[in-house]
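Residues per chain are reported as follows:
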Amino acid sequence: MTRPISDLDVPLAVVEAQTAAVATLHDAAAHTHSPSDRLAYALDEWFVTHDVPLSTEADYPNWRPGGAA
C-alpha cells in the first residue's frame, strides 16, 4: 500500500526548527574531540528528525521522583 503524499506534509515552522536544531548539533559535534559526545549528538539528531513516541504519565501511574509515594 502506498501512503498518500499528504502523510509527509509537515508545517514549515517544524521543518525550520528541525533544520536549526540539526545545524546546531552538527556544529557541536564538529567542535568536540570526544567520541561519546559525537555519538550523543548523532543520537540527538535522530530524535530531532524522527517522530519518536514519548512516555506519558499514564505509562507510569503513581510514579514519584526518587521513588517516594
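Before any of the text, the structure's been laid out above.
To start, this report covers the structure provided alongside it. Bear in mind that the values here come from a model prediction, so they are computed numbers and not experimental data.

**Side note on the overall build of the chain**
Next, step 1: Scanning the chain from N- to C-terminus turns up 2 helices and 0 strands.
Next, step 2: Computed over the C-alpha atoms, the radius of gyration of the chain is 17 Å, more than 25% above the 11 Å expected from 2.2 N^0.38 for a compact globule of 69 residues.
Next, step 3: Accessible area of the chain: about 6200 Å², with a carbon and sulfur share of 61%.

**Observations regarding the side chain of Thr-32**
Next, step 1: Within the secondary structure layout, Thr-32 lies in the loop between helix H1 (12-30) and helix H2 (35-49).
Next, step 2: The exposure class of Thr-32 is buried, given its relative accessible area of 12%.
Next, step 3: A polar contact of 3.2 Å, which involves the side chain of Thr-32, links it to the backbone nitrogen of Ser-34.
Next, step 4: With residues up to four places along the chain from it excluded, the contact list for Thr-32 reads Asp-37, Arg-38 and Tyr-41.

**Remarks on the packing of aromatic side chains**
Next, step 1: Applying the stated rule across the entire model yields 1 aromatic pair.
Next, step 2: Ring geometry for Trp-46 against Phe-47: centres 5.5 Å apart, planes inclined by 80°, an arrangement best described as edge-to-face.

**As for the environment of Gln-18**
Next, step 1: With respect to the helices, strands and loops of the structure, Gln-18 is situated in helix H1.
Next, step 2: With a relative accessible area of 28%, Gln-18 lands in the partly exposed category.
Next, step 3: Taking the C-alpha atoms as reference, Gln-18 lies 8.9 Å from Glu-45; in sequence the two are 27 residues apart.
Next, step 4: Filtering out sequence-adjacent residues up to four positions away, Gln-18 remains in contact with Val-48 and Thr-49.

**Re the environment of Trp-46**
Next, step 1: Note that Trp-46 resides in helix H2.
Next, step 2: Residue Trp-46 is classed as partly exposed on the basis of its relative accessible area, which comes to 43%.
Next, step 3: Taking the C-alpha atoms as reference, Trp-46 lies 9.1 Å from Val-22; in sequence the two are 24 residues apart.

What counts, and where the lines are drawn
- Residues numbered from 1 in each chain as written.
- Predicted model: local features only at pLDDT ≥ 70, side-chain atom pairs only at ≥ 80, totals over all residues.
- Heavy atoms only, no water.
- Helix = DSSP H or I, 4+ residues; strand = E, 2+ residues; numbered from the N terminus.
- Rg over C-alpha atoms; globule rule 2.2 N^0.38 Å.
- Areas by Shrake-Rupley, 256 points an atom, 1.4 Å probe, with all protein chains shown as cover.
- Buried < 20%, exposed > 50% of the residue type's maximum accessible area, 1.4 Å probe, protein only.
- Polar contact = N/O pair within 3.5 Å; in protein donor to acceptor, adjacent residues only side chain to side chain.
- Contact = heavy atoms within 4.5 Å.
- Phe/Tyr/Trp six-rings, centres within 6.5 Å; stacked < 30°, edge-to-face > 60°.

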